[in-house]
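Observations on the three-dimensional arrangement
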Amino acid sequence: MKICVVGLGYLGATHAVAMATLGHEVLGIDLDTNKVDYLNAGKVPFHEPGLQESLREALSTESVAFQTSFEMTEPASVIFICVGTPQTVSGKSADTSFVFSAGESLAKVITPETVVIGKSTVPVGTAAALRDRISEVAGFPIHLAWNPEFLREGTALEDSLEPDRIVIGSWDDYSSQKLKEVYKPILDRGTPLVEVDVPTAELVKVAANAFLATKVSFINAMAEIAEVSGADAVELAKAIGYDERIGNKFLRNGIGFGGGCLPKDIRGFVARAEELGAGEAVSFLKDVDAINQRRRARVLSLAAEELGELKNKKVLMLGLSFKPDSDDMRDSPPLDIALRLARAGAQVTVHDPVALSALGDKHPELIMEQDLSAAAKDQELVILGTEWSEYKSIDPASFGDLVANKLIIDGRNVLDVASWQAAGWRLIALGRNVHN
Ligand code: UGA
């Protein structure tokens, strides 16, 4: 099928490559010339394992191309809208202006047979307004469906090609049939298909992210209780996670969730619910957000408890991305903590296997160091902020020879406590009673 993908950020670039991998003929559109040039040259403008190889493969068979204009030689059968919906500058709601401007641009190139499919994460009710707006500009009633995406950074392509489920929200059979054609190879493998109305499809995405954020904050709340009661939140998570109704995933306590999705989606959800007069229903998400923020503050207070005055103290942050296998630092807990430590007067060195180049010269108050051994030299406190595998395999004995003070806060609960302690480190693990 001829498929067009509008918006080539994380979601759109991955979706375009995934669609080409499924055998479709894909045209990706983005207004950003740099991004388009990059992708056409076979380069992915962000760190995502495996994506560049699949992009090059698709380019070599001419099954994908990228451009900045909406002009098409032949009309696409389906057009996916994958543009971003960031948090508004003035408030907490999601900014849908990119979705509407993409819709208005594509209204000029579609035919009555084209199906427009929303993939962006939007406040419930956006799809209906978008359908009306595109129909008004196009001059005929358009087909529009909603098809939320659940890909995670770090495993984006795999999640797109082997999703847990496909959700299709549509007002008419023609649109859902077209979407089923798009996903035929995936559906033929027996992947669950959930067909719903459009508002449900819009809600599914924010509900899923809200649930995941709640799960992380739940275990972080337990970590707070563990810290004042002498209990161990890691063992507690293990014990409750064996109950299949609870499950052991997304129960890792630490410095909390970040990224371009979970934090802004729960805030946007609350804002939209309030607009609809149902704010109370999801007001608990404000607590979810607050618990998440408190974990960052906890690391700052631990640093102050351990080091006394933070001014001029040498601190090393291991990891800056919001999760491993990504260079995304949007709302990243380790970056936020590093900046706050620097504001408190500490000399903060930051290390990350991939994210430093994306940081560029944005934060001159942080000392960037690419080499792990050089980064460790003379540090008085080390904080593990992102659980890159490189950090999990550090040898605590030789690493201990480099620092000035063998003190580490494990912000992700991934280090082997016994071996670090045996090598003479004082290890503070969030939510645990293992401190020596
Ligand atoms: C999230 C969702 O997991 C995807 O399903 C969704 O498609 C995506 O948002 C989106 O809306 O586009 P992502 O932001 O890539 O994906 O990251 P997650 O894997 O969900 O992790 C989010 C944060 O939670 C990370 O900072 C991670 O370190 C933290 N986390 C995760 C924990 O602190 N503890 C855990 O047990 C799990």
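Up top is the structure these notes are about.
Residues numbered from 1 in each chain as written. Predicted model: local features only at pLDDT ≥ 70, side-chain atom pairs only at ≥ 80, totals over all residues. Heavy atoms only, no water.

**What about the state of the cysteines?**
Tallied over the entire structure, the rule returns zero disulfides. Here Cys-4 stays free of any disulfide, with the sulfur of Cys-82 as its closest cysteine sulfur at 9.5 Å. (Disulfide = S-S within 2.5 Å.)

**As for the pattern of salt bridges**
Throughout the structure, instances matching the rule amount to 31 salt bridges. One salt bridge in this structure joins Arg-296 and Asp-336, with 2.9 Å as the shortest N-O distance. With Arg-296 in helix H12 (residues 284-307) and Asp-336 in helix H13 (residues 333-343), this pair connects stretches of sequence that are 40 residues apart. An identical accessibility class is assigned to Arg-296 and Asp-336; each is buried. Sharing partners across several salt bridges, the network here consists of Arg-267, Asp-289, Arg-296, Asp-331, Asp-336 and Arg-340. (Salt bridge = Lys/Arg side-chain N within 4 Å of Asp/Glu carboxyl O. Helix = DSSP H or I, 4+ residues; strand = E, 2+ residues; numbered from the N terminus. Buried < 20%, exposed > 50% of the residue type's maximum accessible area, 1.4 Å probe, protein only.)

**Digging into empty space enclosed by the protein**
A full pass over the atoms with the stated rule returns one cavity of 30 Å³ or more. Roughly 90 Å³ of volume is contained in the largest cavity. In this structure, the largest cavity is lined by Ala-94, Thr-121, Val-122, Pro-123, Val-124, Leu-203, Val-206, Lys-264, Asp-265, Gly-268, Phe-269 and Arg-272. Breaking the lining of the largest cavity down by element, the ones donating at least two residues are helix H9 (198-229) and helix H11 (262-275). Counting residues per element, the lining of the largest cavity draws most heavily on H11, which supplies five residues. Of the residues in the lining of the largest cavity, the class split is seven nonpolar, two polar and three charged. Both domain 1 (2-196) and domain 2 (206-287) contribute no fewer than three residues apiece to the lining of the largest cavity. (1 Å grid on protein atoms, 1.4 Å probe; cavity = no way out; pocket = protein on both sides within 12 Å on 5 of 7 lines; lining within 4 Å. Points joined across faces, edges and corners; volume = space filled by probe spheres on them. Nonpolar A, V, L, I, M, F, W, Y, C, P; charged D, E, K, R; others polar. Domains from an automatic or database assignment.)

**Let's talk about the packing of helix H4 (residues 97-107) against helix H5 (residues 126-138)**
Where H4 contacts H5, the two axes come as close as 8 Å, and the packing angle between them is 30°. What the angle tells us is that H4 and H5 run roughly parallel. In the crossing of H4 with H5, the sense of the turn from one axis to the other is right-handed. Across from Val-99, Phe-100, Gly-103, Glu-104, Leu-106 and Ala-107 in H4, the residues of H5 making contact are Thr-126, Ala-129, Leu-130, Arg-133, Ile-134, Val-137 and Ala-138. Here the contact of H4 with H5 is composed, by residue class, of nine nonpolar, two polar and two charged. (Axes fitted to C-alpha atoms, helices over the stretch in contact; angles between N-to-C directions. Parallel < 35°, antiparallel > 145°, perpendicular 65-115°, else oblique. Left-handed = near helix turned anticlockwise from the far one by under 90°. Contact = heavy atoms within 4.5 Å.)

**Looking at the sheet that holds strand S9 (residues 314-318)**
Read from one edge of the open sheet, six strands run S11-S10-S9-S12-S13-S14, paired in parallel fashion. The sheet is open, and its two borders are formed by strand S11 (367-368) and strand S14 (426-429), each paired with just one other strand. Summarising the sheet, S9 and strand S12 (residues 381-384) pair through four bridges and their orientation is parallel. Across the sheet, Leu-318 pairs through a bridge with Leu-384, a residue of S12. (Pairing = 2+ DSSP bridges.)

**Let's talk about the side chain of Asp-328**
For Asp-328, the position within the fold is in the loop between S9 and H13. Overall, Asp-328 belongs to the buried group, its relative accessible area being 7%. In contact with Asp-328, not counting residues within four places along its chain, are Glu-153, Gly-260, Ser-321 and Phe-322.

From the geometry alone we can't say anything about function, so treat these as descriptive.
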